[in-house]
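Coordinate analysis (summary)
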Amino acid sequence: MKVLIVDDEDMIRNVLKEYVEFEGGEAYEAADGMQAVTMCRGGDFDIILMDVMMPRLDGFSAVKEIKKIKNIPVIMLSARGEEYDKLFGFEIGADDYVTKPFSPKEVMARVHAVLKRYGDDSSGDTVTFEGLTVDMAGRNVYVDGEKVELTPKEYEILFYFVKNRGIALTREKLLMDVWGFDFYGDDRTVDTHIKMLRSSLKQYRKFIVTLRGLGYKFEA
């Protein structure tokens, strides 16, 4: 795996590089967002670890530029853990968001989880629930015939809901199956993504039912 590590702190880049190489990967480094965009234009990477607060070009702006030219999965790294920052990161296409200080082992676990999801082929039929159409094979979602653009994580959550419709799903179950591993009890990550998905589905948000004290269920 080829990992681009983007951070203006040498120490963080060095630590993450050691862990990437220890697991047999190739680590590449960029000290700011502008350098990261340039490197992505000239080469291919399997995943990017992107810091948010950097000189010249911040991480959010860099992700926007990179997503215009290549669909590379991105994990944001930031000392800012506010919900607004996480929501904005997911809206521009980030696949995950890790708050500093973090465990390098946790970051690598998230890297493998994201890469596993990107490597899995989405398969399934096209299903319709009233005016909501979900094309799992083509990764397309339509609301009353109009295509809606979802973030990669929103697609995964919706497809998981559809495949498990009628089944009560705990937040822990969603974290394990959709994110790929235990998020150390940070089930607010699930709630944040569900909030985004419901907004995208408009009136058909009604199909995602909240089970108080437990999790969610897709009822259609």
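1. Comments concerning the packing of aromatic side chains
Per the stated rule, a full pass over the model turns up eight aromatic pairs. Geometrically, the ring pair formed by Tyr-155 and Phe-159 is tilted, given 5.9 Å between the ring centres and 40 degrees between the ring planes. With Tyr-155 and Phe-159 both in helix α6 (residues 152-163) and four residues apart, the pair spans about one turn of that helix. Side by side, Tyr-155 and Phe-159 carry an identical accessibility label, which is buried. In textbook terms, an aromatic cluster arises when at least three aromatic residues are bridged by ring pairs, as seen for Phe-129, Phe-161, Tyr-204, Phe-207 and Phe-218.

2. Examining the sheet that holds strand β9 (residues 146-148)
Pairing within the open sheet is antiparallel, and its four strands lie in the order β6-β7-β8-β9. The open sheet has two edge strands, β6 (126-129) and β9, and neither has a second partner. Between one strand axis and the next, the sheet turns by 25 degrees as a mean value, whatever way the strands run. Across four bridges, strand β7 (residues 132-135) lies against strand β8 (residues 140-143) in antiparallel orientation. Bridge pairing in β8 places Val-134 opposite Val-141.

3. As for the side chain of His-193
With respect to the helices and strands, the residue His-193 is situated in helix α8 (residues 188-201). Looking at His-193, the relative accessible area reads 0%, which means it is buried. When residues no more than four places from it in sequence are discounted, the contact partners of His-193 are Phe-90, Lys-153, Ile-157 and Trp-179.

The rules we used
Residues numbered from 1 in each chain as written. Predicted model: local features only at pLDDT ≥ 70, side-chain atom pairs only at ≥ 80, totals over all residues. Heavy atoms only, no water. Phe/Tyr/Trp six-rings, centres within 6.5 Å; stacked < 30°, edge-to-face > 60°. Helix = DSSP H or I, 4+ residues; strand = E, 2+ residues; numbered from the N terminus. Buried < 20%, exposed > 50% of the residue type's maximum accessible area, 1.4 Å probe, protein only. Pairing = 2+ DSSP bridges. Axes fitted to C-alpha atoms, helices over the stretch in contact; angles between N-to-C directions. Contact = heavy atoms within 4.5 Å.

Read these as layout, nothing more, since geometry by itself doesn't imply function.
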